Amino acid sequence: MSGVPSPTAKEPRPPGPEQEGPPRFRLAFLALGCVCVGLGALGTFLPLLPTTPFLLIALWAFSRSSRRFHHWLFTHPRFGPRLQEWQRHGTVPVKVKASALSAMAVSFALLAFVARVEWPVLVFAGGVMLTGAAYLLTRPSRPP
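Participant: Tell me about unusual backbone geometry, residues and numbers included.
Facilitator: The phi dihedral of Arg 116 falls on the positive side, at around 50 degrees, and the residue is not glycine. Locating Arg 116 in the fold gives a position in the loop between helix 5 (94-115) and helix 6 (119-138). Taking the relative accessible area as the measure of exposure, Arg 116 reaches 65% and is therefore exposed.

Participant: So what's going on with the state of the cysteines? Which residues, and what values?
Facilitator: Disulfides are covalent bonds that link the sulfur atoms of two cysteine residues. Following the criterion strictly, the structure yields zero disulfides and no others. A disulfide-free cysteine, Cys 34 has its sulfur positioned 9.6 Å from the sulfur of Cys 36, the nearest such atom. Overall, the relative accessible area of 41% leaves Cys 34 in the partly exposed class. Relative accessible area serves as the criterion here: at 5%, Cys 36 is assigned to the buried category.

Participant: If you had to explain the nonpolar core to someone new, which residues and values would you point to?
Facilitator: Most often, soluble globular proteins keep nonpolar side chains buried together rather than apart. In this structure, Cys 36, Val 37, Phe 54, Leu 55, Ala 58, Leu 59, Phe 62, Leu 73, Phe 74, Phe 79 and Leu 83 together form the largest nonpolar core, which totals eleven residues. Tallying contributions element by element places helix 2 (residues 52-63) first for this core, with five residues. Among all residues touching Phe 79, those that are not within four sequence positions of it are Ala 41, Thr 44, Thr 51, Leu 55 and Leu 73.

Participant: Summarise the side chain of Ser 65; cite the residues concerned and give the values.
Facilitator: Following the sequence through the fold, Ser 65 ends up in the loop between helix 2 and helix 3 (67-74). At a separation of 3.0 Å, a polar atom in the side chain of Ser 65 contacts the main-chain carbonyl oxygen of Ala 61.

Participant: Give me helix 3: which residues, what numbers.
Facilitator: Among the residues making up helix 3, those that are buried are His 70, His 71, Leu 73 and Phe 74. All buried residues of helix 3 lie within an arc of 165 degrees about the axis, which places them on one face of the element. Looking at the buried residues of helix 3, the elements they touch are helix 1 (23-43), helix 2 and helix 4 (80-89).

Each value, and the rule that gives it
- Residues numbered from 1 in each chain as written.
- Predicted model: local features only at pLDDT ≥ 70, side-chain atom pairs only at ≥ 80, totals over all residues.
- Heavy atoms only, no water.
- Helix = DSSP H or I, 4+ residues; strand = E, 2+ residues; numbered from the N terminus.
- Buried < 20%, exposed > 50% of the residue type's maximum accessible area, 1.4 Å probe, protein only.
- Disulfide = S-S within 2.5 Å.
- Core = buried A, V, L, I, M, F, W, Y, C linked by side-chain atoms within 4.5 Å.
- Contact = heavy atoms within 4.5 Å.
- Polar contact = N/O pair within 3.5 Å; in protein donor to acceptor, adjacent residues only side chain to side chain.
- Arc of directions from axis to C-beta.

Right, here's the structure in full:
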């Protein structure tokens, strides 16, 4: 027995993790996953910090370093359903899209009117945000 509880019929089974990376990189992937889970958890409380991208990165990093942490995150009661929906269908719910687009708009406004950054920085930041917004808006909102 491996010490990891076997999934029940009600509990979704995560996809098999990718082949774990070389041993010298496993610790780095594990650390990246833990940092991203922490940032994702903070994002549930801080309006300008996104949650889902950090959790997707964490899930990928855990798939390269730890089957146990990969399974834990993929089946987590709060974060797991959104990750499973993305993995199965590539969908981003309307509420998440609205939240992300609002955060981008507020961030851009803060850069432009509060921080008063130089125009090249503002153009670069706006371009990155527009690229992210375009990608987000092209994702379906519901499974087919």
